[in-house]
Each structure stands twice: as structure tokens, then as C-alpha cells.
Amino acid sequence: MNKKKFIDILFWADINPLKRGSFEDFICGLATECNKRNININFLFGSKISKAVEKVFHDNQVSYILLPDHDISSVFALAKILKKNKPKMIHFHFIGPGSPLVPIALLLGVKRIIMTDHTSRLVNNVTT
């Protein structure tokens, strides 16, 4: 769908396909702005997206791929995407620090990785 040759930003998020909230509004706005500014952004999602988000992507010529974080085949799929497209940056959302996707991206030469961890909990220090 997107005719640009290289991916500038690869954006990975595991979102709830039945929900349309602030995060979904954010990615719709991001897709629209990137299209206006001729920034090639591609999205990777851990699950299906809502029809409303899918329509915004279609209207803005933004591509997306389903790539669940918890599936081992995702590691190989991400490696293939990185080798083929060589994104300038990856922004991971909703994955924990133990996800294998982050070190794979580093090993395959991605220079800029942003990780927004919405899932981890703070560890309480217990003193005795």
C-alpha cells in the first residue's frame, strides 16, 4: 500500500482490537501526521486492530502487519522485516523488558530504539 522505499519509523504495539481509546486515537493521529509530512511509518501489532483504526490507516496509505510479541515466529518475522526495510527507528509499546524483540532489533543494526513499557509494575523495596 505504501509506495515509499524505506521505513523511517517502525511502530510496534500490542493493542486491544475491541477498544477505541486514547492510544488508538494517538496512533490514528500519528498515521495521519506522518502521511502529511511524508514520513514512512509502518505499524506492527500484536493483535487485530479495530475497523475504525484500519480505515484511518487505509485513508493515509499506512501499512500494518500482525506480529504477536509472545509468538516465537514473531522474532523471525521481525528479523525479516528489519533486514528488508532497514528502519531508522523502532518504537515498541506494551511489551515488557523481557521481550526478545528488542535485542533482535539491536542485533540487526537498528540504531534508535524507543521502548515505552506500559506493562511493567514497580517493584516495592522491602526492608527488614
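Nothing here was measured: the structure is a model prediction, and the numbers come from that model.

Scoring rules and cut-offs
Residues numbered from 1 in each chain as written. Predicted model: local features only at pLDDT ≥ 70, side-chain atom pairs only at ≥ 80, totals over all residues. Heavy atoms only, no water. Helix = DSSP H or I, 4+ residues; strand = E, 2+ residues; numbered from the N terminus. Expected span 1.5 Å × (residues − 1). Buried < 20%, exposed > 50% of the residue type's maximum accessible area, 1.4 Å probe, protein only. Arc of directions from axis to C-beta. Pairing = 2+ DSSP bridges. Axes fitted to C-alpha atoms, helices over the stretch in contact; angles between N-to-C directions. Contact = heavy atoms within 4.5 Å. Phe/Tyr/Trp six-rings, centres within 6.5 Å; stacked < 30°, edge-to-face > 60°. Parallel < 35°, antiparallel > 145°, perpendicular 65-115°, else oblique.

**Q** Would you take a moment to explain helix H1 (residues 22–36) for this structure?
**A** In an α-helix, one turn spans 3.6 residues; hence positions three or four apart end up facing the same way. For H1, spanning 15 residues, the distance from its first C-alpha to its last is 21 Å, which sits close to the expected 21 Å at 1.5 Å a residue. Residues of H1 that are buried: Phe23, Glu24, Ile27, Cys28, Ala31 and Cys34. Projection of H1 onto a plane perpendicular to its axis shows the buried side chains occupying an angular sector of 145 degrees, all on one side. When the buried face of H1 is taken as reference, the exposed residues oriented beyond 90 degrees from it are Ser22 and Lys36. Of the residues trailing H1, asparagine 38 is marked for its positive phi of about 60 degrees.

**Q** I'm lost on the pairing of strand S4 (residues 89–93) in this one. Help?
**A** Within S4, 4 of the 5 residues are buried, which leaves the element mostly enclosed by the surrounding structure. Examined bridge by bridge, strand S1 (residues 9–13) and S4 share 5 bridges and lie parallel to one another. Across the sheet, leucine 10 pairs through a bridge with isoleucine 90, a residue of S4. In the sheet, S4 pairs with strand S5 (residues 112–116) via 5 bridges, with the strands oriented parallel. Residue pairing across strands places phenylalanine 92 opposite methionine 115, the latter belonging to S5.

**Q** What is the right way to look at the sheet that holds S1 in this model?
**A** By way of backbone hydrogen bonds, the strands of a sheet pair with one another, either parallel or antiparallel. Spatially, 5 strands are ordered S3-S2-S1-S4-S5 in an open sheet, and the strand pairing comes out parallel. The open sheet is flanked by strand S3 (63–66) and S5, the only strands paired with a single partner. Looking at each pair of strands side by side, their axes are set apart by 15 degrees on average, direction ignored. With 4 bridges connecting them, strand S2 (residues 41–45) and S3 associate as parallel partners. Bridged to phenylalanine 45 within S3 is leucine 66. On the sheet, H1 packs against S1, S2 and S4 and is oriented at approximately 155 degrees with respect to S2.

**Q** What's the story with the packing of aromatic side chains in this structure? I'm lost.
**A** For any pair of aromatic rings, geometry is given as the distance between the ring centres together with the angle between the planes. Throughout the structure, instances matching the rule amount to 9 aromatic pairs. For the ring pair phenylalanine 11 and phenylalanine 26, a centre distance of 6.2 Å and an interplane angle of 45 degrees mean the geometry is tilted. Of this pair, phenylalanine 11 sits in strand S1 while phenylalanine 26 sits in helix H1, placing them 15 residues apart in sequence. For phenylalanine 11, a relative accessible area of 2% corresponds to the buried category. When its relative accessible area of 40% is taken as the criterion, phenylalanine 26 is described as partly exposed.

**Q** Can you help me understand the packing of H1 against helix H2 (residues 51–59) in this one?
**A** Axis angle and axis distance: for two packed helices, these are the angle between their axes and the distance between the axes, and together they describe the pair. Taken N-terminus to C-terminus, the directions of H1 and H2 make an angle of 10 degrees; their axes are 9 Å apart at the nearest point. Between H1 and H2, the crossing angle belongs to the class labelled roughly parallel. Facing H1, whose interface residues are Glu24, Ile27, Cys28, Ala31 and Thr32, H2 presents Val53, Val56 and Phe57.

Take it as geometry only, folks, not as evidence of what the structure does.
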